[in-house]
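# Residue-level structure breakdown
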Amino acid sequence: MLMCLCYGVSCKDIKTLVNQGFDSKESVQEQCFAGTGCGCCLEALEKLVESEKNLAKFSNLTTSHASVEQDNSLIQYP
Ligand code: FES
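Below is a summary of the structure that appears in this document. (Residues numbered from 1 in each chain as written. Predicted model: local features only at pLDDT ≥ 70, side-chain atom pairs only at ≥ 80, totals over all residues. Heavy atoms only, no water.)

A few words now on the pattern of salt bridges. Per the stated rule, a full pass over the model turns up 4 salt bridges. A salt bridge links Lys25 to Glu26, with the shortest nitrogen-to-oxygen separation between them at 3.9 Å. Residue Lys25 is classed as partly exposed on the basis of its relative accessible area, which comes to 21%. Between Lys25 and Glu46 there is a salt bridge, with its nearest N and O atoms 3.2 Å apart. Taken together, the residues Lys25 in helix H2 (residues 25–32) and Glu46 in helix H3 (residues 42–73) connect sequence positions 21 residues apart. On the basis of relative accessibility, which here comes to 37%, the residue Glu46 falls in the partly exposed class. The network of salt bridges with shared partners includes Lys25, Glu26 and Glu46. (Salt bridge = Lys/Arg side-chain N within 4 Å of Asp/Glu carboxyl O. Buried < 20%, exposed > 50% of the residue type's maximum accessible area, 1.4 Å probe, protein only. Helix = DSSP H or I, 4+ residues; strand = E, 2+ residues; numbered from the N terminus.)

And the structure:
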């Protein structure tokens, strides 16, 4: 689905950029110019960047938790 009609940038493009470390609206705009044309997509762009950042944080927490659980399973009780 296209996020920015002016520059032909999709939601997937934005998510990919955020996951590559471009985790602010400004840094995403520098990479793909989304939101720098008519500005109609700016609010949606900000929301998508924030939600993708939060998703990445949650994903990292889940991975950490899984690692701890995995480590605990290695403990052998007498
Ligand atoms: S639709 Fe994104 S700047 Fe115009």
